[in-house]
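Here are the chains, one letter per residue:
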Amino acid sequence: NLKVAGLGLSWKSTVRSARKRFQARYGAQRDRVAVYHNLWGVPFFADLDGAQRRIGVLHVYPRILGASLSGNVGLVDGMLCVSQPLKAFVQRLLPELDESRVAILPLPIQRCPIPPQRMPLRNRPMVIGYNGRLVGEQKRIDRLPKLTAVLDRAGVNYRLELLGDGPDQAWLEEQWRGNSRVRFHGRQAGDSYWSVLVGWDA
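Residues numbered from 1 in each chain as written. Predicted model: local features only at pLDDT ≥ 70, side-chain atom pairs only at ≥ 80, totals over all residues. Heavy atoms only, no water.

1. So, the nonpolar core
Residues Leu58, Leu69, Met79 and Val90 are the most contacted members of the largest nonpolar core, which totals 25 residues. Look past the residues within four positions of Val90 in its chain and what remains in contact with it is Leu58, Leu69, Met79, Cys81 and Val102. In this structure, Tyr130, Ile141, Tyr158 and Trp176 belong to the second largest nonpolar core, which totals 12 residues. (Core = buried A, V, L, I, M, F, W, Y, C linked by side-chain atoms within 4.5 Å. Buried < 20%, exposed > 50% of the residue type's maximum accessible area, 1.4 Å probe, protein only. Contact = heavy atoms within 4.5 Å.)

2. Looking at the environment of Leu58
Counting through the fold element by element, Leu58 comes out in strand β2 (residues 51-58). Along the sequence, Leu58 and Met79 sit 21 residues apart, while their C-alpha atoms lie 7.3 Å from each other. The contacts of Leu58, once residues within four sequence positions are left out, are Asn38, Leu39, Leu65, Leu69, Met79, Leu80, Cys81, Val82, Leu86 and Val90. (Helix = DSSP H or I, 4+ residues; strand = E, 2+ residues; numbered from the N terminus.)

3. Focus: the layout of surface pockets
One number sums up the size of the largest pocket: a volume of about 540 Å³. Among the secondary structure elements, those contributing two or more residues to the lining of the largest pocket are α4 (84-93), β5 (126-131) and α5 (136-139). In terms of residue class, the lining of the largest pocket is made up of 9 nonpolar, 8 polar and 4 charged. The computed volume of the second largest pocket comes to approximately 330 Å³. (1 Å grid on protein atoms, 1.4 Å probe; cavity = no way out; pocket = protein on both sides within 12 Å on 5 of 7 lines; lining within 4 Å. Points joined across faces, edges and corners; volume = space filled by probe spheres on them. Nonpolar A, V, L, I, M, F, W, Y, C, P; charged D, E, K, R; others polar.)

4. Details of the side chain of Lys87
If you trace the backbone, Lys87 turns up in helix α4. Setting aside its immediate chain neighbours within four residues, Lys87 contacts Cys81, Glu99, Val102 and Ile104.

5. Focus on the pairing of strand β7 (residues 182-186)
Of the pairings in the sheet, the one linking strand β6 (residues 158-163) to β7 comprises 4 bridges and is parallel in character. Across the sheet, residue Glu161 finds its bridge partner in β7, namely Arg183. For the handedness criterion, the β-α-β arrangement of β6, helix α7 (residues 169-175) and β7 is classed as right-handed. (Pairing = 2+ DSSP bridges. Right-handed = clockwise from strand over helix to strand, strands pointing away.)

6. With respect to the pattern of salt bridges
Side chains that carry opposite charge are capable of pairing whenever their charged atoms lie near each other. According to the stated counting rule, one finds 9 salt bridges in the structure shown. In this structure, Glu99 and Lys87 form a salt bridge, with 3.0 Å as the shortest nitrogen-oxygen distance. Taken together, the positions of Glu99 in the loop between α4 and β4 (102-104) and Lys87 in helix α4 put the pair 12 residues apart, joining distant regions of the chain. Glu99 sits in the exposed class, given a relative accessible area of 52%. The class for Lys87 is buried, based on a relative accessible area of 11%. A salt bridge links Asp201 to Arg124, with the nearest nitrogen and oxygen atoms 2.8 Å apart. Here Asp201 is found in the segment after α8 (190-197), whereas its partner Arg124 is found in the loop between β4 and β5, with 77 residues between them in sequence. Classification of Asp201 by relative accessible area gives partly exposed; the value is 26%. Taken together, the shared-partner salt bridges connect Arg159, Glu161 and Arg183 into one network. (Salt bridge = Lys/Arg side-chain N within 4 Å of Asp/Glu carboxyl O.)

So this is what it looks like as structure tokens:
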């Protein structure tokens, strides 16, 4: 029975106020495993979480994790990483965690429940899709306008479809203003989500 409860933190929250809220919510719990998503908050909450074991689940780029990992020396008992390069990076920065305490966590990907029915590419555009947050920092969506520029110069018959939203959507829309080959679907769920994906060639 999974329960999710937020602490009600915002950009206005201080470390002190966050610690007070965390302690009020979790301070009485003892002898449990605490799992920290991308190690967020470990240095601030480790002395309050009452955990017998503390695990980090990591899925961001090493460049973002570098300072965070070095600041968590001695605070975590193990790491779950989504890739081999990330695992190697963790083992380099946290050598006190032996091989058995750093593992790869495979992320399952649900298969599309709608069977694709792609027509031959002759006389139609190749549909290229992007699925994810529209943000440059981790998703590198800043590369997409460069991609469409190359495709335009090469005379490729294509359509680019973006599924998702994010803070850099307005910037992308400005880059492609007047380009009828680019389509934004926004965030979708359920059948609407899969019906977009099933129409992609790549």
